[in-house]
Amino acid sequence: MPHQCLAQSGGAGMGTHQVTMSSTDYMSQAQRNFDNIADGFYISPAFLDKMTIHVAKNFMDLPKIKVPLILGIWGGKGQGKTFQCTLAYKKLGIAPIVMSAGELESGNAGEPAKLIRQRYREASDVIKKGKMCSLFINDLDAGAGRMGSATQYTVNNQMVNATLMNIADNPTNVQLPGVYKQETIPRVPVICTGNDFSTLYAPLIRDGRMEKYYWNPTREDRIGVCMGIFAEDNVNRGEVENLVDTFPGQSIDFFGALRARVYDDKVRDFVKNLGVENMGKRLINSREGKVEFTKPTMSLDVLMRYGRALTAEQENVKRVQLADEYMAGASLAGETGSSLPEMYTN
């Protein structure tokens, strides 16, 4: 892509005609390569089907059919939307151009909108060279949504929504700020994730611009993902099914956190034997190399015990509305109002 200059406004004496940033400044870390993801992870067939159809339709010339440019995948927190997208991209052989919610806000008005155009054109250049590509925006609602009356709707929120609407309406004519040359570029399918798309500007999510897909993993999906999580721990399918059925209301990342929690005893023994005062020397730039543990036993009983401990902590967070009661007096965890959770008092 030819080198284009971006301009932005600033303080006194600075106008949009003054160049402060080059388009190449944005290009270093945008493209992701997923070759390091090992095989064996579960991809939901319905999820893969939705992404595959969306990408394929956007690269086809269908007669008198308006194909939405954006696929919005939304659903509950911790359900593995981003990771499923990662696996699906790998399956499709696509290294997408990635944006996160944090890039959709800036201290400089208009800069996130410029960045979206830059990243879109970067993906278009990849397609022009003969490889499939896509623009992938993580947590769009967190960066461009309106989270109730407590959050401020900024100029950047407005411009991000407007820019995405404009790109969806004119996907082959996306120009950088200050460049008004009529140029046709390849169309780039856009995929974004989020928790609540009702917080976005309503015209952006209308059917002609964005196709919505609600990701709510089925029991089979949850079992498949958990089989991947516990693949190296000799946990059989029957035990995984039992675990999933015991905690049906938990998100998928709960089971990843559960596996990590099982290592707590190993870490505790390591710290106890080493001494708390010597921990920094051993863990940071140590000549002895990485700390390695023998794999802990992940029997169903152990997993159930730690699973109940995690859910108890979740219940304490729900029960103790500390922000509401901070000035009213002390609020203690536990069903009996004790400062010790039940798992320590039994």
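The notes below deal with the structure included here. Numbers given to residues run from 1 along each chain, matching the order in which its sequence is written. Given that this is a predicted model, residues contribute local features only at a pLDDT of at least 70 and side-chain atom pairs are listed and counted only at 80 or more, while totals for whole chains, interfaces and linings are drawn from all residues. Note that the side-chain values use all heavy atoms of the structure and ignore hydrogens as well as water.

### Details of the nonpolar core
Nine residue types can take part in a nonpolar core, namely buried Ala, Val, Leu, Ile, Met, Phe, Trp, Tyr and Cys, and a core is a set of them joined through side-chain atoms within 4.5 Å. Exposure is judged per residue with a 1.4 Å probe applied to protein chains only, and the accessible area is read against the type maximum: over 50% gives exposed, under 20% gives buried, and values in between give partly exposed. Among the nonpolar cores identified, the biggest contains 31 residues, and Ile70, Tyr120, Leu135, Ile137, Leu140 and Met210 are the most heavily contacted of them. Here a strand is any run of E in DSSP of at least two residues, a helix any run of H or I of at least four, and the numbering for each starts at the N terminus. Sorting the residues of this core by element identifies β4 (97-99), α3 (111-128), β5 (135-137), α4 (140-144), α5 (155-169) and β6 (190-194) as the ones contributing at least two each. Here this core takes six residues from α3, the largest share from any one element. Every residue pair with non-hydrogen atoms within 4.5 Å of one another is taken to be in contact. With residues up to four places along the chain from it excluded, the contact list for Ile137 reads Met99, Leu104, Leu164, Val190, Ile191, Cys192 and Thr193.

### Observations regarding the packing of helix α1 (residues 45-58) against helix α2 (residues 81-92)
Helix-helix packing: each pair is described by the crossing angle between the helix axes and the interaxial distance. The N-to-C vectors of α1 and α2 enclose an angle of 55 degrees; their axes lie 10 Å apart at closest approach. Comparing their axes, α2 and α1 come out oblique. At the point where α1 passes α2, the crossing takes the right-handed sense. Two secondary-structure elements touch here, α1 through Phe47, Leu48, Met51, Thr52 and Val55 and α2 through Lys81, Gln84, Cys85, Ala88, Tyr89, Lys91 and Leu92. Any residue that is not Ala, Val, Leu, Ile, Met, Phe, Trp, Tyr, Cys, Pro, Asp, Glu, Lys or Arg is counted as polar, Gly included; the first ten are nonpolar and the last four charged. Across the contact of α1 with α2, the residue classes break down as eight nonpolar, two polar and two charged. Axes here mean lines fitted to C-alpha atoms, for a helix over just the part in contact, with angles spanning 0 to 180 degrees between N-to-C directions. Roughly parallel covers angles under 35 degrees, roughly antiparallel covers those over 145, roughly perpendicular covers 65 to 115, and oblique covers all other angles. Left-handed describes a crossing in which the near helix is turned anticlockwise from the far one by less than a right angle; the clockwise case is right-handed.

### A few points about the packing of aromatic side chains
Note on aromatic contacts: the rings of Phe and Tyr and the six-membered ring of Trp form a pair at centre separations within 6.5 Å, being stacked when their planes are under 30 degrees apart, edge-to-face when over 60 apart, and tilted otherwise. Inspection of every chain in the model, using the stated rule, returns eight aromatic pairs. Look at Trp74 and Tyr214: their rings are 4.7 Å apart centre to centre, the planes differ by 50 degrees, and that puts the pair in the tilted class. Of this pair, Trp74 sits in strand β3 (residues 70-74) while Tyr214 sits in strand β7 (residues 210-214), and the two are 140 residues apart along the sequence. Classification of Trp74 as partly exposed rests on a relative accessible area of 29%.

### What about the environment of Asp169?
Mapped onto the elements of the fold, Asp169 is located in helix α5. Between the alpha carbons of Asp169 and Gly208 there is a distance of 8.7 Å; along the sequence they are 39 residues apart. Leaving out residues up to four positions away in the same chain, Asp169 has contacts with Arg206 and Arg209. Two N or O atoms count as a polar contact when they lie within 3.5 Å, although within protein this holds only if one can serve as hydrogen donor and the other as acceptor, and sequence-adjacent residues are included solely when both atoms are side-chain atoms. A polar contact is formed between the side chain of Asp169 and the side chain of Arg209, at a distance of 2.8 Å.

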